Amino acid sequence: MITLTEIAAVKIKEQLERRGKGVGICVGVKTTGCSGLAYKLEYVDAPGSTDISFVNHGVHGFVDPKDLPYHEIS
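Residues numbered from 1 in each chain as written. Predicted model: local features only at pLDDT ≥ 70, side-chain atom pairs only at ≥ 80, totals over all residues. Heavy atoms only, no water.

**Q** Help me get a handle on the overall build of the protein chain, residues and values and all.
**A** Each helix and strand in the protein chain was counted, giving 1 helix and 4 strands. Helices (α) and strands (β) of the protein chain occur, in sequence order from the N terminus, as α-β-β-β-β. Per-residue burial for the protein chain yields a buried fraction of 30% across its 74 residues. A fraction of 48% describes how many contacts in the protein chain between residues 6 or more apart in sequence connect residues 24 or more apart. Surface accessibility of the protein chain: about 5,100 Å² in total, with carbon and sulfur atoms responsible for 55%. Both charge centroids of the protein chain, one from 8 positive and one from 9 negative side chains, sit 6 Å from each other. (Helix = DSSP H or I, 4+ residues; strand = E, 2+ residues; numbered from the N terminus. Buried < 20%, exposed > 50% of the residue type's maximum accessible area, 1.4 Å probe, protein only. Contact = heavy atoms within 4.5 Å. Areas by Shrake-Rupley, 256 points an atom, 1.4 Å probe, with all protein chains shown as cover. Lys, Arg positive; Asp, Glu negative; His and termini not counted. Charge placed at Lys NZ, Arg CZ, Asp CG, Glu CD.)

Structure, rendered in structure tokens:
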């Protein structure tokens, strides 16, 4: 599904600590103007009830099931 490098995981942990709250990150897509779609990355304080979760290098990540097809790489 989605993987993080060790360096990315360290940076995310640092940002969550600096932020003072949060359980992980959410990776998704959003519709943008005429160009189609753009990826979004947000901090998560409480995951959605239907979110799919993953853990890489100790960082919890979440993806809304509707966004999952955009993250699949063949």
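**Q** Just give me the short version of the pattern of salt bridges, but keep the residues and values in it.
**A** This structure, assessed with the given rule, holds 3 salt bridges. The salt bridge partner of Arg19 is Asp45, with a shortest N-O separation of 2.8 Å. Of this pair, Arg19 sits in helix α1 (residues 6–19) while Asp45 sits in the loop between β2 (36–44) and β3 (52–56), and the two are 26 residues apart along the sequence. A relative accessible area of 39% places Asp45 in the partly exposed class. A salt bridge links Asp67 to Lys66, with the shortest nitrogen-to-oxygen separation between them at 3.1 Å. Among the ionic contacts, a cluster of salt bridges with common partners joins Arg19, Lys21 and Asp45. (Salt bridge = Lys/Arg side-chain N within 4 Å of Asp/Glu carboxyl O.)

**Q** Can you tell me about the nonpolar core, naming the residues and giving the values?
**A** Among the nonpolar cores identified, the biggest contains 11 residues, and these are Ile2, Leu4, Ala9, Ile12, Leu16, Ile25, Val27, Phe54, Val59, Val63 and Leu68. Those elements that place two or more of their residues in this core are α1, β1 (24–32) and β4 (59–63). Element by element, the count of residues in this core is highest for α1, at 3 residues. (Core = buried A, V, L, I, M, F, W, Y, C linked by side-chain atoms within 4.5 Å.)

**Q** Outline the environment of Lys30, supporting the account with residue identities and numerical values.
**A** Among the structural elements, Lys30 can be located in strand β1. Look at Lys30 and you get partly exposed, because its relative accessible area is 44%. Sequence-wise, Lys30 and Asp67 are 37 residues apart; in three dimensions their C-alpha atoms are separated by 8.8 Å. With near-sequence residues (within four places) excluded, Lys30 lies in contact with Gly36, Leu37, Ala38 and Lys40.

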